[in-house]
Structure formats: C-alpha cells, structure tokens
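Letter by letter, the chains look like this.
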Amino acid sequence: PELFVPLKRMLARIVKAGLAGTGSAMMYQGLAYELLSLLAQNFGMQDDGRMDASRNPSRMEEMLNYIGTHYREHLALSDVADHFYLTTPYASKLFKQTMGTNFTDYVRQLRLAYAMRDLNDPTVPIEQVAERNGFANTRSFVAVFRQQYGTLPSKYRKQHLRDAALDTPAPA
C-alpha cells in the first residue's frame, strides 16, 4: 500500500549509504531517527508492557504523529499534553516510559535528523535549515548540532558534498 512507499524510500537511502560506504555516524544516526519517526507515524506502536501505553497504545501513536506534524513549530511538552487532554507530568512519564527518552531529546533528535537531510542540499542556507526544522534561531541550531555531532553544520555539509562528489562516477 501507499504507507510503505516512504518506508521503502528511507530504507533504500540507508542501504545505498551503507553500500557506498560514505555515510558518517552522524548521517546514520539522523537516518535512524527519521526512520523511527516514519514508523511511528505510519505503523503505530506495539504494546511492550510498559506503563499506560498498554491501556491506550494509540495515545502514544497519536502523540508521535502530532509531534511529527508540528516539529517545525515551537513545541513544548505542555502544548502536546494540552492537545491530548493530559497533564504535563503524566505526558512526560508516558513519553519517557514508552519511548525510552524524554520529550525534549526526542524532538531535538527528530529536528536534527530532518535538518541533516536539508543540509545535504547546498542551495538551502543554514539559516533556512534551522528555521525549517523548528530551531529558535541559527545560533541555537548550530549549538545543538555541534553538541550532538561534534562539528558545525557547515563543516558537515562540506564533508557530505565531498563524499557525494567522490561517489559520483566520472563521465565516460
């Protein structure tokens, strides 16, 4: 069905990067978060016996869909909790126990995954990459990116472009 098309494309990107041997650890981490987001948005979550997700597994699925749709906006846990008529502490506990990470880290990783994809397009200014992916400003994006990956977004972009150029076969 149509639900599998984005998943197939994502898996193809991962396999292609793996076969080419050009992917960095940062790229694979970004692709993994993007894949996790796709799976959560399109295929729901199975009950793993943890906490209240067992009472209503679709609640977490709905929350992940909401986050996947709104990650580009200012997004606070209290906003998500309010949207789903939950208290903030309850939503925090549900999120942490179901996802294994806290809300803030999940949203940050999701934003970084999409930002890394946008950085692969050299025509998109870094300022626009930050804005498109929900970062308050370029400075905060650069700081989060550097903290997570140990390099600047501009250096990552240059390295990715160099790696991509090496992968491109020479004209015959």
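Residues numbered from 1 in each chain as written. Predicted model: local features only at pLDDT ≥ 70, side-chain atom pairs only at ≥ 80, totals over all residues. Heavy atoms only, no water.

Caption draft 1: Structural detail: the packing of helix H6 (residues 103–119) against helix H8 (residues 138–149). H8 packs onto H6 with a crossing angle of 100° between their chain directions and a minimal axis gap of 11 Å. One finds that H6 runs roughly perpendicular with respect to H8. Contact residues: Arg 108, Gln 109, Leu 112, Ala 115, Met 116 and Leu 119 in H6; Phe 141, Val 144, Phe 145, Gln 148 and Tyr 149 in H8. (Axes fitted to C-alpha atoms, helices over the stretch in contact; angles between N-to-C directions. Helix = DSSP H or I, 4+ residues; strand = E, 2+ residues; numbered from the N terminus. Parallel < 35°, antiparallel > 145°, perpendicular 65-115°, else oblique. Contact = heavy atoms within 4.5 Å.)

Caption draft 2: Geometry of the packing of aromatic side chains. Following the criterion strictly, the structure yields eight aromatic pairs and no others. Consider the rings of Phe 95 and Phe 103, whose centres lie 5.7 Å apart with planes at 80°: the pair is edge-to-face. Pair check on accessibility: Phe 95 and Phe 103 agree, each one buried. Among the aromatic residues, ring-to-ring pairing joins Phe 135, Phe 141, Phe 145, Tyr 149 and Tyr 156 into one connected group. (Phe/Tyr/Trp six-rings, centres within 6.5 Å; stacked < 30°, edge-to-face > 60°. Buried < 20%, exposed > 50% of the residue type's maximum accessible area, 1.4 Å probe, protein only.)

Caption draft 3: Looking closely at the pattern of salt bridges. In the structure shown here, the tally under the stated rule is two salt bridges. Close ionic contact of Asp 118 with Arg 132 constitutes a salt bridge, the shortest N to O distance being 3.9 Å. Taken together, the residues span a long stretch of sequence, with Asp 118 in helix H6 and Arg 132 in helix H7 (residues 126–132) at a distance of 14 residues. Accessibility expressed as a relative area gives 35% for Arg 132, which makes it partly exposed. (Salt bridge = Lys/Arg side-chain N within 4 Å of Asp/Glu carboxyl O.)

In short, the description is geometric, and any link to function would need to be established separately.
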